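Residue-level structural notes
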Amino acid sequence: MRFLLFMGLLASFAGLAGMADCSDADKRFVHEQVSSPTFEETKTNRMYKVKHEQVCAVGNALATDGMRYFLYKIGPSVRYIAVHNGLNGHVQMHGPFRPE
């Protein structure tokens, strides 16, 4: 089951490689959530089928850690963050989060 989830995430990230960058507000939201001390507690295996316009990418071109974040906007008030480690290919979903 985990393998299928991983393959689904990997396929979605391959399709999202050319995804648009997030707005400044979305980038702040992602960085606030990721730096929160409770971020690790929000891990989930939940997946959604989303349209390209519902996802944006947050990454630091200057950082060499290979980390990239994808913000999934599910409806008007639910957000999920996918953390993609480019060095080893690991993907972990976190959420749900409610934007303020």
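**Regarding the overall build of the protein**
If you tally the helices and strands in the protein, you get 2 helices and 5 strands. From first element to last, N terminus to C terminus, the protein shows the α and β order α-α-β-β-β-β-β. Sorting the 100 residues of the protein into buried and exposed places 36% on the buried side. The contacts in the protein between residues at least 6 apart in sequence include a share of 48% that link residues at least 24 apart.

**A closer look at the sheet that holds strand β3 (residues 67–74)**
Spatial ordering of the open sheet is given by β1-β5-β4-β3-β2, a layout of 5 strands whose pairing is antiparallel. The sheet is open, and its two edges are formed by β1 (43–44) and β2 (55–59), each paired on a single side. Inspection of the sheet shows β3 paired to strand β4 (residues 78–85) by 8 bridges, in the antiparallel sense. Paired with K73 across the bridge in β4 is R79.

**Some words on the environment of V78**
Within the element layout of this structure, V78 appears in strand β4. Along the chain, V78 and R98 lie 20 residues apart, while their C-alpha atoms are 5.3 Å from each other. Setting aside residues no more than four positions away along its own chain, V78 makes contact with Y72, K73, P96, F97, R98 and P99.

**Here's the deal with the pairing of β2**
The buried count for β2 comes to 4 of 5 residues, which makes it a mostly enclosed element. Inspection of the sheet shows β2 paired to β3 by 5 bridges, in the antiparallel sense. Bridging from a neighbouring strand, C56 pairs with L71 of β3.

**Considerations on the state of the cysteines**
Counted by the stated rule, this structure contains 1 disulfide. The disulfide partner of C22 is C56, and the gap between their sulfur atoms is 1.9 Å. When the S-S torsion is 90°, as for the bridge of C22 with C56, the disulfide is right-handed. One end of the pair, C22, is in the loop between α1 (2–15) and α2 (24–34); the other, C56, is in strand β2, with 34 residues separating them in the sequence.

**Some points on the nonpolar core**
One finds C22, F29, V30, F39, C56, V58, Y69, L71, I81, V83 and F97 forming the largest nonpolar core, which totals 11 residues. Residue assignment for this core shows that the elements contributing at least two residues are α2, β2, β3 and β4. Residues in contact with V30, not counting those within four places in the same chain, are V58, Y69, L71 and I81. Core analysis: the second largest hydrophobic core is formed by 9 residues, V55, A57, V78 and M93 among them.

**Remarks on the confidence of the model for the protein**
Averaged over every residue, the pLDDT of the protein is 79; residues scoring 70 or more account for 76%. Mean pLDDT in the protein bottoms out at α1, which sits at 49, and peaks at α2, which reaches 93. Contacts for the low-pLDDT stretch residues 3–7, under 50 throughout, to residues beyond four places or in other chains number 3 contacts.

Thresholds applied
Residues numbered from 1 in each chain as written. Predicted model: local features only at pLDDT ≥ 70, side-chain atom pairs only at ≥ 80, totals over all residues. Heavy atoms only, no water. Helix = DSSP H or I, 4+ residues; strand = E, 2+ residues; numbered from the N terminus. Buried < 20%, exposed > 50% of the residue type's maximum accessible area, 1.4 Å probe, protein only. Contact = heavy atoms within 4.5 Å. Pairing = 2+ DSSP bridges. Disulfide = S-S within 2.5 Å. Core = buried A, V, L, I, M, F, W, Y, C linked by side-chain atoms within 4.5 Å. pLDDT = per-residue confidence, 0-100.

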